[in-house]
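# Structural description and commentary
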Amino acid sequence: MTRQSGIYVYLFTRNERHLSIRIFTAPMKRRVYERQEGRCVACGEEFKLSQMEADHITPWAEGGRTIEENCQMLCKDDNRRKGAR
């Protein structure tokens, strides 16, 4: 959570955007990594978990939630190239 001031608004609206939650948890990343069998979804190459980054399938900036179902693991190079698309 990057914006604590949004807690009160969230309590009334239940809209997670007020909390600014953008970071996937370590357990989420591990489960997605294992589901993908250690492969980057963009290039198909195999990487160690430490060589990969969690990415929002539907970008956070476009309303994508920070949940496991909206997470994919990409190698660092492919994640940098992808940006918010």
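The coordinates are above.
Residues numbered from 1 in each chain as written. Predicted model: local features only at pLDDT ≥ 70, side-chain atom pairs only at ≥ 80, totals over all residues. Heavy atoms only, no water.

## Re the overall build of the protein chain
Selection criterion: Elements are defined by DSSP. Helices are runs of H or I of four residues or more, strands are runs of E of two residues or more, and each kind is numbered from the N terminus. Throughout this description, buried means an accessible area under 20% of the type-specific maximum (1.4 Å probe, protein chains only), exposed means over 50%, and partly exposed covers the range between. In what follows, residue pairs with any heavy atoms lying within 4.5 Å of each other are defined as contacts. In short, Shrake-Rupley with a 1.4 Å probe defines the accessible areas, and a residue's cover is counted only from the protein chains shown.
Helix and strand counts for the protein chain stand at three helices and two strands. Mapped from its N terminus to its C terminus, the protein chain presents α and β elements in the order α-α-β-β-α. The buried share of the protein chain, reckoned over its 85 residues, is 33%. When contacts within the protein chain are restricted to residue pairs at least 6 apart in sequence, those whose partners lie at least 24 apart make up 49%. Surface summary for the protein chain: the accessible area is close to 5900 Å², and the carbon and sulfur share equals 50%.

## Some remarks on unusual backbone geometry
One non-glycine residue, Glu37, lies in the positive phi region at around 55 degrees. With respect to the helices and strands, the residue Glu37 is situated in the loop between α2 (26–35) and β1 (52–56).

## Remarks on the pairing of strand β2 (residues 71–75)
Successive side chains on a regular strand alternate, one facing one side of the sheet and the next facing the other. To keep it simple, the criterion reads: Should DSSP find at least two bridges between two strands, the strands are taken to pair.
Within β2, five of the five residues are buried, which leaves the element mostly enclosed by the surrounding structure. What you see with β2 is no split at all: Cys71, Met73 and Cys75 on one side and Gln72 and Leu74 on the other are buried throughout. As defined by bridge partners, β1 adjoins β2 across five bridges and the pair is classed as antiparallel. Opposite Glu53, over in β2, you have Leu74 as the bridge partner.

## Side note on the side chain of Thr66
Rules: Each polar contact in these results corresponds to two N or O atoms within 3.5 Å; when the atoms are within protein, one needs to be able to donate a hydrogen and the other to accept it, and residues that are neighboring in sequence are counted only if both atoms are side-chain atoms.
Of note, Thr66 is situated in the loop between β1 and β2. Among the polar contacts made by the side chain of Thr66, one reaches the side chain of His56 at a distance of 2.9 Å.

## A few points about α2
The test is simple: The arc in question is the one traced by the directions running from the helix axis out to the C-beta atoms.
If you check which residues of α2 are buried, you get Met28, Val32 and Tyr33. Looking straight down α2, one finds that the buried residues subtend no more than 130 degrees of arc, so they occupy a single side. Buried positions along α2 lie against β1 and β2. Count one or two residues on from α2 and you reach Glu37, which has phi positive near 55 degrees.

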